[in-house]
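Here is what each chain is made of, one letter per residue.
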Amino acid sequence: MNKIILASASPRRQELLTQIGMEFKVIPSGMEEVPQSRQPEDVVMELSKGKAEDVFESLPKEEKEITLVIGADTIVAYKGRIIGKPDSRENAQEILSCLQGGIHQVYTGVTLIWQAGEKISFYEKTDVEMYPMSMEEIKRYVDTGEPVDKAGAYGIQGKGAAYIKEIRGDYNNVVGLPVGRLYQEMKKHFLL
């Protein structure tokens, strides 16, 4: 592979790839995120595949032969129910009220597509336990603006870290991209 494209505008995913020394270009997918699947692990793999395919198909033929496209999608699930990104202050407060004091799961699906459309998809799941939060703490945190574009209405790599009691699994998965597993999959398929 000569060229790597990240099919995501997420600054967190970009930071994680940069952290492991990967050189890449960003071409965000314009795909509408309307999954057919309902199970969290199936949803993230379906969406990551759609994003990667969208960007890969937009490349000129000669580019496809030398390019690896990485698609990714992250969701939060609580008691089997998918929790999206909040669409308002009130919604962010509702989500955090639900998650506080309990354990939820963060799923990230990743799809790699290269050459003649060869592809692999996988997902990682991480359990996250949050400390109990008072309504005052929730409102104060929401006022920071951090929950706005985050699945589950919090950022573990930011101020939201103050409310995380424990994680079981890959920390980077919660941030938005399981880079250790990604690197190992790339190595296994001779993409590095």
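Residues numbered from 1 in each chain as written. Predicted model: local features only at pLDDT ≥ 70, side-chain atom pairs only at ≥ 80, totals over all residues. Heavy atoms only, no water.

(A) Structural view of a nonpolar patch on the surface. The grouping of Ile 20, Tyr 183 and Leu 192 at the surface amounts to a nonpolar patch, some 270 Å² of accessible area in total. As for its position among the elements, Leu 192 is in the segment after helix 7 (179-188). For Leu 192, a relative accessible area of 54% gives the class exposed. (Patch = residues over 30% accessible without salt bridge, like charges linked within 9 Å, V, L, I, M, F, W, Y side chains within 5 Å. Areas by Shrake-Rupley, 256 points an atom, 1.4 Å probe, with all protein chains shown as cover. Salt bridge = Lys/Arg side-chain N within 4 Å of Asp/Glu carboxyl O. Helix = DSSP H or I, 4+ residues; strand = E, 2+ residues; numbered from the N terminus. Buried < 20%, exposed > 50% of the residue type's maximum accessible area, 1.4 Å probe, protein only.)

(B) Highlighting helix 1 (residues 11-19). Listed in full, the buried residues belonging to helix 1 are Arg 12, Arg 13, Leu 16 and Leu 17. The arc that holds every buried residue of helix 1, seen down its axis, measures 135°, which confines them to one face. Facing away from the buried side of helix 1, by more than 90 degrees, are the exposed residues Glu 15, Thr 18 and Gln 19. Those residues of helix 1 that are buried are in contact with strand 1 (3-6), strand 3 (67-78), helix 6 (171-175) and helix 7. Within two residues after helix 1, Gly 21 carries a phi angle of roughly 80°, on the positive side. (Arc of directions from axis to C-beta. Contact = heavy atoms within 4.5 Å.)

(C) Representation of the pattern of salt bridges. As enumerated under the stated definition, the model contains 14 salt bridges in all. A salt bridge links Asp 73 to Lys 51; the shortest N-O distance between them is 2.8 Å. Remark: Lys 51 occurs in helix 2 (residues 40-58) and Asp 73 occurs in strand 3; sequence separation between them is 22 residues. Across the pair, Lys 51 and Asp 73 agree in class, each one buried. One salt bridge connects Lys 64 with Glu 57, and the closest N-O pair in it is separated by 3.4 Å. Members of the salt-bridge network, linked through shared partners, are Glu 124, Arg 181, Glu 185 and Lys 188.

(D) The side chain of Asp 73, seen in detail. The class for Asp 73 is buried, based on a relative accessible area of 4%. Among the polar contacts listed, one links the side chain of Asp 73 to the side chain of Lys 51, at a separation of 2.8 Å. With residues up to four places along the chain from it excluded, the contact list for Asp 73 reads Arg 13, Glu 33, Val 44, Leu 47, Ser 48, Lys 51, Tyr 107, Thr 108 and Gly 109. (Polar contact = N/O pair within 3.5 Å; in protein donor to acceptor, adjacent residues only side chain to side chain.)

(E) Examining the environment of Gly 101 more closely. Within the element layout of this structure, Gly 101 appears in the loop between helix 4 (89-99) and strand 5 (103-114). The exposure class of Gly 101 is partly exposed, given its relative accessible area of 44%. On a C-alpha basis, the gap between Gly 101 and Met 130 in space is 5.2 Å, while along the polypeptide they are 29 residues apart.

(F) Quick look at the nonpolar core. Counting 40 residues, the largest nonpolar core has Ile 70, Leu 112, Tyr 154 and Leu 182 as its most contacted members. At five residues, the largest contribution of residues to this core is made by strand 3. For Ile 70, the contacting residues outside a window of four places in its chain are Ile 4, Ile 5, Leu 6, Ala 7, Met 22, Val 110, Thr 111, Leu 112 and Leu 182. By size, the runner-up hydrophobic cluster in this structure holds eight residues, among which are Val 55, Leu 59, Val 69 and Ile 113. (Core = buried A, V, L, I, M, F, W, Y, C linked by side-chain atoms within 4.5 Å.)

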